[in-house]
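A structural walkthrough
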Amino acid sequence: MSAAAPMRLEDRLPGRSGALLWVIAATGVAIGPHLFNQPVWVVLTTTLALAWRGGVHLGRLPMPPRWILVLLTVLMTGLVLGRYGTLFGRDAGVALLVLMTGLKLLETRTYRDAMLVVFLGYFVIITNFFYSQEIPVALYMLVAVFATTAALVRLNAGEAIQPVRESFGLAGLMLGQAVPVMIILFLLFPRLPGPLWGMPQDSTTGVTGLSDSMSPGSISQLLQSDAPAFRVSFTDDPPVPAQRYWRGPVFAHFDGRTWRAGRETEVDALPQAPDLERVVTYTINLEPHERRWLLALDIPVSVPPDARMIEDHYLVSSRPVRRLVQYTLASRTDLILEPELSEARRRQALNLPARAAPRAQALAQDWRSRHEDDEALIRTALGHFNEEPFFYTLSPPRLERDPVDQFLFEARAGFCEHYASAFVVLMRAAGIPARVVTGYQGGEYNRLGNYLLVRQSDAHAWAEVWLQGRGWVRVDPTAAVSPERIESGIRAALSGDLGAPDFIRRSLDWGIVRLQWALWRDSIDYYWSGWVLAFGPERQGELLERLGLGRLDWRGMITLMVALVGVVVLVFAAIFLWRNRLPVADPLAVVYRHFCRRLARGGLTRAPHEPPMDFARRIARERPELAEPVMAFTREYVALRYGASPDPERFGRLRGLLRRIRV
Amino acid sequence: MKALVPDRRRLREWFITWITRRQLPEGRTLRLHRRCIYILPTRQGYTFALILLVMLLGAINYSNSMAFMLTFLLAALGANAMWHTHRNLLGLRITRRPAQPVFAGQTAQFVYTVENPSRVARRGLLLETLDGAPVPFDVNPRGENQVTLDLPTRRRGVLRPGRLRLHGRYPMGLFRAWSWLYFDESVLVYPKPLPMDQAPPFAGQDEGESRERTDPAGEEFAGVRGYQPGDSPRHLDWKALARTGDLYIKQFGEVSGGQIWLDWDQLPAGDLETRLSMMCHQVLQAQGQGLRFGLRMPGLALEPETGEAHQRRCLEYLACFALPAESCP
């Protein structure tokens, strides 16, 4: 920018109206929430830049010289690079955007610069959604959009000082008028199932969920989290609490410390069961957890599209769950799984590292020598957990050398994953095929929204053993130690425990009102995440199905979208044209014409040369019954037409007089 | 390149004339109808569209519902801005005020009254001639505002502002709406007065006796001038109103001083414009001294008279002297 060239009037930044201060304030509102997403210095530097530019506007500070801006730009880029190791991806990109918005403002001298800052402000607002899409965030961003739009209006209003109400009113009006088109585009814009390019790694940070392996401590992290894992709505009644086992990944490989899933071999045939047995149908809204498995109630007998069932009977989606997904399933809670176990599968389900847990292996062999029958042996094992001093706690002592032996014979305190792991080791050592199942157990029924909420803190691990003639049978060793855990859920099992999650303590302290509010809030969250956040290709298809447009492909959708937008535009155009129609040239003449037409219907036609008063007198002669109203009207008309000061109220009276004339 | 510049300007003028060929010049008042308001995106509008596209790509990539929602909201907002930008001009009533004649070199002022009959304020408006500097203004709801366009004058004759452009990009700056205003208006530019040193101002020879006063009461008709607020309606020139549509005031003045002839042939030699400037100066001098003066030019003689009307007649004659008929009324 050369200072010598005279600036065109239109490029000049309106100074007197203070529009720039509004732009600065709106930008401040937009960057605010990034304080929680970005290092403090990013937001702080930008805030300082905003304050400096504000000071320049008020005449307190000089505009920063160019070399300082260049230096700051290089410095900030370097800091971002140092912090994130890259300039791309979500976090580094947002940091750069926020910083550069501040620096751009520092060199804003013209209208064009200020406009760019406003646009960058809109962009900053949208980046907030890449961190959170919760309702409070959405409401805050709505305020930010409103403020930014009002600042944009002020920036374009010229030098005149615009009333605050006018700019905010216009911004609100324009945003309100934009809502119908927004809804149409949101519902009908064709959605793609996957990302356009690789998802940066940093977007997975902070997402909780079951992990793809189980070692001591991996589930206890989840137990501290109140975050929802998924929500289920049942077609009929939900199963009783003790039956609410939500199946996640199944682990059959053990290395002495960690359990892992085997190869993902797809099951040959879906489990079949006699028709008499109860089928539970339900719909799950699964929160994003960045892994591929889909949770299901006990044994699913159907598979959602885009997913497979693995040999160990759990569901795996074809791509990681990165946003809320919804699927409908049918499950059976009592079913014979794998009545015949192949030799390879049997060997895998008995596999134990030779040197792992020697004391446990000895104990199991001792049981085996006393019990021929597998079921009797299992009862003995469960009895062992029940009768020996085992405790259920979320803060067990650390297990280091051999976690299974140490747990069974020394610590004797732990929670589901310890019990499940130790139990499966004992079973395998005794020659009974067994495996670990992870998932969730329980859930909280929300009567308001009619759905079951399962939180991360409901995470659970249990065992399955294979018995001749009965297939895989669920055995939950935790139930032997703490039956309340299964019957009433984790909150009952842990009541009074200091290791209890936050939510539990809160609900205990605040009582029923608090609980009610929590129900409400979660119901709103449920619909918000189900219908707004999870609105992807599946939901879109479902919506079209409901509207009877199930067979619409993307071309059809675009056509429908354009057509609906066209309808909205036409409606707006009609309203616009009606409200901005040219005013009637002479309203008085229009009223008089109505008067003449009314009389003409009664056979009293005014001659073109006849003055109004003469015409009225003629009517009075010919039709005496009309004399009074016609004379009154004509006198009023003449007074308005030729009188000194036309009074708007008298015009209304004239219309009233016209109505009195009945021919 | 240099040769192309005026051509491009003429091309633009021709294009605008072609676009507005249905728009006949207006007498006094013009109302901005939707058919004569044009609209196109501004540079900022295109930038905004580009930013929306980037936002959309981000929303698709992250499958982020709220990002979709905000992108679509902003897209609809941007499209909506088109209506509001159009509405900012729609229905405005522009009335021209009669322009006062000026001497060449002075600035001619064209004054327009812009009325806003609606309940919505019209902001960020600009009025400009095809190659002049824009004048910013706004109009309050149910209010009016006076806009003055300053046009520099260089030559004597008739100056027409031609087509005016009224435009604005309020409220969002994404679109610019504009309209061509075309008034049948002009201002007369008198020659620039040029004092002559060689000859005394009253070189003309006296001819005949001084004229009798036509009105014994001491008041005689002295011509017309433009109406100004506060003038008595008794002196309105009704015939002129019927003829031109503008208000004029009849003036009456008193006669004083002697009688002279200002003679073209008596002027020192020089080119046409210089001599006209000299003559103009003489007319002003004579009027200033309250003389009864006549004007003798090639092909015309104006009888000696006094008063502003006479001076005006003389100056008008000088302004149009030897100019083609179509450029001079």
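Since the structure is predicted, the reported quantities are computational estimates derived from the model, not experimental observations.

1. Concerning the overall build of chain B
- On a plain count of helices and strands, chain B comes out with 6 helices and 17 strands.
- Per-residue burial for chain B yields a buried fraction of 35% across its 329 residues.
- Sequence-distant contacts in chain B: of pairs separated by 6 or more residues, those separated by 24 or more amount to 70%.

2. Thoughts on the overall build of chain A
- Secondary structure summary: chain A contains 23 helices and 19 strands in total.
- Considering only residue pairs separated by 6 or more positions, chain A has 72% of its internal contacts joining residues 24 or more positions apart.

3. With respect to the interface of chain B and chain A
- At the junction of the two partners, chain B supplies 44 residues and chain A supplies 45 residues.
- Taken together, the elements giving at least two residues each to the side of chain B that touches chain A come down to helix H2 (43-62), helix H3 (65-87), strand E6 (122-129) and strand E7 (135-139) of chain B.
- Sort the elements by how many residues they give to the side of chain B that touches chain A and H3(B) lands first, with 18 residues.
- Here the residues of the side of chain B that touches chain A sort into 27 nonpolar, 13 polar and 4 charged.

4. Notes on the environment of Leu125(B)
Residue and element names in this part refer to chain B.
- Positionally, Leu125 belongs in strand E6.
- Linking Leu125 and Val135, residues 10 residues apart in sequence, is a C-alpha distance of 8.2 Å.
- Excluding residues within four positions of it along the chain, Leu125 makes contact with Phe137, Asp138, Leu166 and Gly168.

5. Examining the packing of helix H4 (residues 89-106) of chain A against helix H5 (residues 111-128) of chain A
Residue and element names in this part refer to chain A.
- Running from amino to carboxyl end, H4 crosses H5 at an angle of 155°, the nearest separation of the two axes being 10 Å. On the basis of their axis angle, the class for H4 and H5 is roughly antiparallel. Crossing angle aside, the handedness with which H4 passes H5 is left-handed. Here H4 contributes Val94, Leu97, Val98, Thr101, Lys104 and Leu105 to the contact with H5, which in turn contributes Asp113, Leu116, Val117, Leu120, Gly121, Phe123, Val124 and Thr127.

6. A word on the pairing of strand E2 (residues 228-234) of chain A
All names here are of chain A.
- Summarising burial for E2: 5 of the 7 residues are buried, a large majority.
- Bridge count between E2 and strand E17 (residues 451-455): 4 bridges; the pairing is antiparallel. Note that in E17 the partner of Arg231 across the bridge is Leu453.
- Here 5 bridges tie E2 to strand E6 (residues 279-286), and the two strands are oriented antiparallel to one another. What sits directly across from Phe230, in E6, is Leu286.

7. Some thoughts on unusual backbone geometry
- Between Tyr170(B) and Pro171(B) the backbone carries a cis peptide bond, its omega angle lying at 5°.
- Topologically, Pro171(B) is positioned in the loop between strand E10 (163-168) and strand E11 (175-182).
- Here Ala357(A), not a glycine, exhibits a phi torsion of approximately 45°, which is positive.
- By secondary structure assignment, the location of Ala357(A) is in the loop between helix H9 (343-350) and helix H10 (358-370).
- By the C-beta count within 10 Å, which is 27 here, Ala357(A) ends up buried.
- If you check the backbone angles, Ser63(B) has positive phi at about 45° while not being a glycine.
- Examined against the element boundaries, Ser63(B) turns out to sit in the loop between H2 and H3.

8. Some words on the sheet that holds strand E5 (residues 259-260) of chain A
All names here are of chain A.
- The 3 strands are arranged E1-E5-E4 in an open sheet whose pairing can be described as antiparallel. One side of each edge strand has no neighbouring strand; the edge strands of this open sheet are strand E1 (213-214) and strand E4 (253-254).
- In the sheet, E1 pairs with E5 via 2 bridges, with the strands oriented antiparallel. Counted as the bridge partner of Ser213 is Arg260 from E5.

9. Some details on the nonpolar core
- By size, the foremost hydrophobic cluster in this structure holds 119 residues, and its most contacted members are Val23(A), Val118(A), Ala151(A) and Leu70(B).
- Beyond its immediate stretch of four places on either side in the chain, Val118(A) contacts Val23(A), Thr148(A), Ala151(A), Leu152(A) and Leu155(A).
- Trp293(A), Val436(A), Val481(A) and Leu533(A) belong to the second largest nonpolar core, which has 79 residues in total.

10. Some remarks on the pairing of strand E16 (residues 292-297) of chain B
All names here are of chain B.
- Examined bridge by bridge, strand E15 (residues 259-263) and E16 share 5 bridges and lie parallel to one another. The partner of Ile260 across the bridge, within E16, is Phe293.
- The handedness of the E15 to E16 crossover, carried by helix H5 (residues 272-288), is right-handed.
- Two strands pair when backbone bridges link them, and E16 and strand E17 (residues 300-305) are joined in this way by 4 bridges, in the antiparallel orientation. By the bridge assignment for E17, Leu295 is matched with Leu302.

11. Concerning the confidence of the model for chain B
- The share of residues in chain B with pLDDT of 70 or more is 82%, and the mean pLDDT across the chain is 80.
- Here the complex is predicted with pTM 0.68, and the ipTM for its interfaces comes to 0.77.

12. Thoughts on the sheet that holds strand E10 (residues 307-309) of chain A
All names here are of chain A.
- The strand order across the open sheet formed by 3 strands is E7-E11-E10, and the pairing between neighbours is antiparallel. Each edge of the sheet is formed by a strand with only one pairing partner; in this case those strands are strand E7 (293-294) and E10.
- As paired strands, E10 and strand E11 (residues 315-317) are joined by 3 bridges and run antiparallel to one another. Each residue of the ladder has a partner; that of Met309, found in E11, is Leu315.

13. Observations concerning helix H1 (residues 19-31) of chain A
All names here are of chain A.
- Relative to the 18 Å expected for 13 residues at 1.5 Å per residue, H1 spans 19 Å between its end C-alpha atoms, a close match to the ideal helical length.
- The element H1 is largely enclosed, with a buried count of 10 among its 13 residues.
- Lining the buried residues of H1 we find helix H2 (40-57), H4, H5 and helix H6 (135-155).

14. Description of the packing of helix H7 (residues 164-188) of chain A against H3(B)
- Packing of H7(A) against H3(B) leaves a shortest axis separation of 7 Å and a crossing angle of 130°. If you check the angle between H7(A) and H3(B), you find them oblique. For H7(A) against H3(B), the interelement crossing comes out right-handed. Where H7(A) abuts H3(B), its residues Met174(A), Leu175(A), Gln177(A), Ala178(A), Val181(A), Met182(A), Leu185(A) and Phe186(A) lie against Phe68(B), Met69(B), Phe72(B), Leu73(B), Ala75(B), Ala76(B), Leu77(B), Asn80(B), Ala81(B) and His84(B).
- Its residues assigned to classes, the contact of H7(A) with H3(B) shows 15 nonpolar, 3 polar and no charged.

Definitions and limits used
- Note that residues are indexed from 1 along each chain, following the sequence as it is written.
- Written order decides the labels, with chains lettered from A and ligands numbered from 1.
- Selection of residues for local features in this predicted model requires a pLDDT of at least 70, selection of side-chain atom pairs for listing and counting requires 80 or more, and totals for whole chains, interfaces and linings are taken over all residues.
- A run of DSSP states H or I qualifies as a helix once it reaches four residues; a run of E qualifies as a strand once it reaches two. Both are numbered from the N-terminal end.
- Partly exposed residues are those falling between the two cut-offs: more than 12 but fewer than 20 other C-beta atoms within 10 Å of their own, whereas 20 or more means buried and 12 or fewer means exposed, with C-beta atoms placed from the backbone.
- Note on contacts: each residue gets a C-beta atom placed from the backbone, and two residues are in contact if those atoms are within 7 Å.
- Residues are grouped as follows: Ala, Val, Leu, Ile, Met, Phe, Trp, Tyr, Cys and Pro are nonpolar; Asp, Glu, Lys and Arg are charged; all remaining types, including Gly, are polar.
- Orientation is described by lines fitted to C-alpha atoms, with helices fitted over the stretch in contact, and by angles between N-to-C directions that extend from 0 to 180 degrees.
- With respect to orientation, any angle under 35 degrees is reported as roughly parallel, any angle over 145 as roughly antiparallel, any angle of 65 to 115 as roughly perpendicular, and every other angle as oblique.
- By definition, any crossing whose near helix is turned counterclockwise from its far helix by less than a right angle is left-handed, and any crossing with a clockwise turn is right-handed.
- Note: two strands are recorded as paired if DSSP finds a minimum of 2 bridges between them.
- Nonpolar cores are built from buried Ala, Val, Leu, Ile, Met, Phe, Trp, Tyr and Cys residues. These are joined into a set through C-beta atoms within 7 Å.
- The definition of a right-handed crossover adopted here requires that, viewed with the strands pointing away, the path from the first strand over the helix to the second runs clockwise.
- One confidence number per residue, pLDDT, is output by the predictor and ranges from 0 to 100.
- The span you would expect from a helix comes to 1.5 Å times its residue count less one.

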